[in-house]
Amino acid sequence: RAEQAIARGDVEDGLARLRAQVLAAPADTSMRERYVRHLLAAGRTAVAEAELRSGLAAQPHASRLAQTLAHVLFDRGDAAGALAVLLPAAPPVASDPAYHAFIAALEQHAGNHAAAAATWRGVLEASPTDGRAWIGLGISLAAQDERQAARTAFTRARTSGVLSAAMDAYAAAEIARLGTQP
């Protein structure tokens, strides 16, 4: 009924119903995720953040809650906070390479390219044809002045067959920029 209330425009009633369901079953992370999704859609970011933190306090390994909170924090400009939320709840990389790609991107954003490269390599072990991960690895390797390895990563990205035209052009430009010197 909560979803129906929201669909007909009665957001307050829908949110109240979802909140009641979360209070009745606090361990139900899928219900909390649904509530948070609607809070965010309604622009109630602070309440959504509090719900996410409450859920993670009760279930510290709830990776989907952690990922949502990390996005909220990153959107607010708190990349370090986002990373701090993601790491303790990280599922095995093989079960969720995208989660680890988010970690790698945040490590990269923080300028920790050694950690980012290691995380990108883990993502690529789980998903070797992920062109975006190859680009991420190339960026971190280039930042560490590992030019040949970076060129190889950008080349692998281009041959993955999954890049957008813009990302393919970026990879090509990076290959050219890195030149042929080691």
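These numbers come from a predicted model, not from an experiment.

### Things to note about the packing of aromatic side chains
Taken as a whole and judged by the stated rule, the model has 1 aromatic pair. For the ring pair phenylalanine 154 and tyrosine 170, a centre distance of 6.1 Å and an interplane angle of 80 degrees mean the geometry is edge-to-face. Placement of phenylalanine 154 in helix 10 (residues 147-159) and of tyrosine 170 in helix 11 (residues 165-178) is noted, with a sequence separation of 16 residues between them. The exposure class of tyrosine 170 is partly exposed, given its relative accessible area of 36%.

### Some remarks on the environment of aspartate 13
The topology assignment puts aspartate 13 in helix 2 (residues 11-24). Sequence separation between aspartate 13 and alanine 2 is 11 residues, and the spatial gap between their C-alpha atoms is 7.1 Å. Every residue in contact with aspartate 13, bar those within four places of it in the chain, is listed here: Ala5 and Arg8.

### Let's talk about the side chain of histidine 100
Within the secondary structure, histidine 100 sits in helix 7 (residues 97-109). Discounting residues that sit within four places of it in the chain, histidine 100 has contacts with Ala90, Pro91, Pro92, Val93, Thr119 and Val123.

### As for the pattern of salt bridges
Side chains that differ in charge, positive against negative, can pair when their charged atoms come close. Summed over the entire model, instances satisfying the criterion amount to 10 salt bridges. The residue arginine 44 makes a salt bridge to glutamate 12 at a minimum N-O spacing of 2.2 Å. One end of the pair, arginine 44, is in the loop between helix 3 (29-41) and helix 4 (45-58); the other, glutamate 12, is in helix 2, and 32 residues separate them in sequence. With its nearest N and O atoms 3.1 Å apart, the salt bridge here joins aspartate 13 to arginine 17. Taken together, the positions of aspartate 13 and arginine 17, both in helix 2 and 4 residues apart, correspond to about one turn of that helix.

### Topic: the nonpolar core
Generally speaking, nonpolar side chains in soluble globular proteins are found buried as a group. Core analysis: the largest hydrophobic core is formed by 29 residues, its most contacted members being Leu56, Leu86 and Leu106. Going through the elements one at a time, helix 1 (2-7), helix 2, helix 3, helix 4, helix 5 (63-75), helix 6 (79-86) and helix 7 are the ones with two or more residues in this core. Ranked by residues supplied to this core, first place goes to helix 5 with 6 residues. In contact with leucine 56, other than residues within four places in its own chain, are Ala62, Leu65, Ala66, Leu69 and Val85. If you look at the next biggest cluster of nonpolar residues, it comprises 20 residues, including Leu137, Ala142, Ala157 and Leu178.

### Thoughts on the packing of helix 7 against helix 8 (residues 113-126)
Following both chains from N to C, one finds helix 7 and helix 8 inclined at 165 degrees, their axes separated by 8 Å at the closest point. The orientation of helix 7 relative to helix 8 falls into the category roughly antiparallel. The hand of the helix 7/helix 8 crossing is left-handed. Listed contacts from helix 8 to Pro97, His100, Ala101, Ile103, Ala104, Ala105, Glu107 and Gln108 of helix 7 are His113, Ala115, Ala116, Thr119, Trp120, Val123 and Ala126. Taken together, the residues of the contact of helix 7 with helix 8 sort by class into 10 nonpolar, 4 polar and 1 charged.

### Overview of the environment of alanine 58
By secondary structure assignment, the location of alanine 58 is in helix 4. With relative accessibility at 57%, the residue alanine 58 sits in the exposed group. Each C-alpha atom of the pair alanine 58 and proline 26 lies 8.2 Å from the other, and the pair is 32 residues apart in sequence.

### So, the packing of helix 5 against helix 6
Close contact between helix 5 and helix 6 brings their axes to 8 Å; oriented N to C, the two are set at 175 degrees. By the angle class used here, helix 5 and helix 6 are roughly antiparallel. Across from Ala66, Gln67, Leu69, Ala70, Leu73 and Phe74 in helix 5, the residues of helix 6 making contact are Ala79, Gly81, Ala82, Val85 and Leu86. Its residues placed into classes, the contact of helix 5 with helix 6 shows 9 nonpolar, 2 polar and no charged.

### Some words on the side chain of aspartate 130
Position of aspartate 130 relative to the elements: it lies in the loop between helix 8 and helix 9 (131-143). Using a relative accessible area of 15% as the deciding quantity, one classes aspartate 130 as buried. Apart from the residues within four sequence positions on either side, aspartate 130 is in contact with Val123 and Leu124.

About the thresholds
Residues numbered from 1 in each chain as written. Predicted model: local features only at pLDDT ≥ 70, side-chain atom pairs only at ≥ 80, totals over all residues. Heavy atoms only, no water. Phe/Tyr/Trp six-rings, centres within 6.5 Å; stacked < 30°, edge-to-face > 60°. Helix = DSSP H or I, 4+ residues; strand = E, 2+ residues; numbered from the N terminus. Buried < 20%, exposed > 50% of the residue type's maximum accessible area, 1.4 Å probe, protein only. Contact = heavy atoms within 4.5 Å. Salt bridge = Lys/Arg side-chain N within 4 Å of Asp/Glu carboxyl O. Core = buried A, V, L, I, M, F, W, Y, C linked by side-chain atoms within 4.5 Å. Axes fitted to C-alpha atoms, helices over the stretch in contact; angles between N-to-C directions. Parallel < 35°, antiparallel > 145°, perpendicular 65-115°, else oblique. Left-handed = near helix turned anticlockwise from the far one by under 90°. Nonpolar A, V, L, I, M, F, W, Y, C, P; charged D, E, K, R; others polar.

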